[in-house]
Amino acid sequence: MDYYYDVMLNFGEYYFMFYEWDKDDTIEYIKKIPLKHVSNKIIIDMLNNKIKVNNEFLNKIKDKTKLKDNKILRYCCIFSDGKTSLALEFNDSGESICKSSILLDDEININEFMYNIKETNIEYEIINKDDYFNETRQERKIKNLIKMEIETLYQKHNDSKLKYIYLEWFNKLEEERDIMYKNMLNKLNDSLTNREYKIYELIKLSYNNV
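First, a word on scope: everything that follows refers to the structure included in this document. (Residues numbered from 1 in each chain as written. Predicted model: local features only at pLDDT ≥ 70, side-chain atom pairs only at ≥ 80, totals over all residues. Heavy atoms only, no water.)

Mapped onto the elements, Asn 121 comes out in the loop between helix H3 (104-113) and strand S8 (124-129). Counting along the chain gives 66 residues from Asn 121 to Asn 55, while the straight-line C-alpha distance between them is 15 Å. (Helix = DSSP H or I, 4+ residues; strand = E, 2+ residues; numbered from the N terminus.)

Next up, the structure:
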């Protein structure tokens, strides 16, 4: 078994590039973690999907990841094709539950190390596709806040504020609350524009002034 030592990881449900890591994230300092050289196809599948590995692979990496306080993460591993590296955490059933990108210096070191490690074939199945990959973390944050505000206003029948947001967003009046609600939620399925950024700032400002 090959290992990588002294690496910072930011495990979460979704994969974020290291430059999108947030100050509120829980960054783990890993003293030791299994390392596998895999094909580019496997890396792409891991990046874009939730996968499930078999028990044989789980047993190979079981209790092999150690934190700085000597605690253990049961099923974790870093995978690399020599160009791209990522870390996955699995549950007892072999399903990937968390992902982490690698800090640039560590990724360079890991990718160079791959020249000395034989490529391994990992048996896995794809459970479902991750749909978040076309947006940045900040874009998803903006959309989630706007959506939460719209749904809250709609459920609480705060039609005056709903109309105000709609007017600022679409530059027209609308009296039917169901139409406003539907149009705004549908708009969030599109790419963000300056109008969405404006609505995001308006919502934040409204709560700062409370």
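Next, the rest of the story.
The tally for this structure, following the rule as stated, stands at nine salt bridges. Measuring nitrogen to oxygen at the nearest pair gives 3.3 Å for the salt bridge that ties Asp 63 to Arg 74. Note that Asp 63 is positioned in strand S4 (residues 62-67) and Arg 74 in strand S5 (residues 72-80), a separation of 11 residues in sequence. (Salt bridge = Lys/Arg side-chain N within 4 Å of Asp/Glu carboxyl O.)

Taken across its six residues, strand S6 (residues 85-90) has six buried, putting it largely inside the fold. By the alternation rule, side chains of S6 split into Ser 85, Ala 87 and Glu 89 and Leu 86, Leu 88 and Phe 90, which are all buried. Between S5 and S6, which pair antiparallel one after the other, the connecting turn spans four residues, and Gly 82 there sits at a positive phi close to 95 degrees. The antiparallel hairpin formed by S6 and strand S7 (residues 96-100) contains five residues in its connecting segment, where Gly 94 sits at a positive phi of about 90 degrees. (Buried < 20%, exposed > 50% of the residue type's maximum accessible area, 1.4 Å probe, protein only. Pairing = 2+ DSSP bridges.)

Under the criterion given, the structure shown has eight aromatic pairs. Ring centres 5.5 Å apart and planes at 75 degrees place the aromatic pair Phe 18 and Tyr 19 in the edge-to-face group. Overall, the relative accessible area of 24% leaves Phe 18 in the partly exposed class. A residue is classified by how much of its surface remains accessible, and Tyr 19, at 60% relative accessible area, is exposed. Here Tyr 154 and Tyr 181 contribute two aromatic rings whose centre-to-centre distance is 3.9 Å and whose plane-to-plane angle is 15 degrees, an arrangement assigned as stacked. Taken together, the positions of Tyr 154 in helix H4 (residues 137-155) and Tyr 181 in helix H6 (residues 177-187) put the pair 27 residues apart, joining distant regions of the chain. An aromatic cluster of three or more residues is present, and its members are Phe 57, Phe 79 and Phe 90. (Phe/Tyr/Trp six-rings, centres within 6.5 Å; stacked < 30°, edge-to-face > 60°.)

It is worth spelling out H4 at this point. Taking 1.5 Å as the rise per residue, H4 with 19 residues should run 27 Å; its terminal C-alpha atoms sit 27 Å apart, in good agreement. Taken as a whole, H4 has its buried residues at Arg 140, Ile 142, Lys 143, Ile 146, Glu 149, Ile 150 and Leu 153. Remark: His 157 follows H4 within two positions and exhibits a positive phi of approximately 55 degrees. (Expected span 1.5 Å × (residues − 1).)

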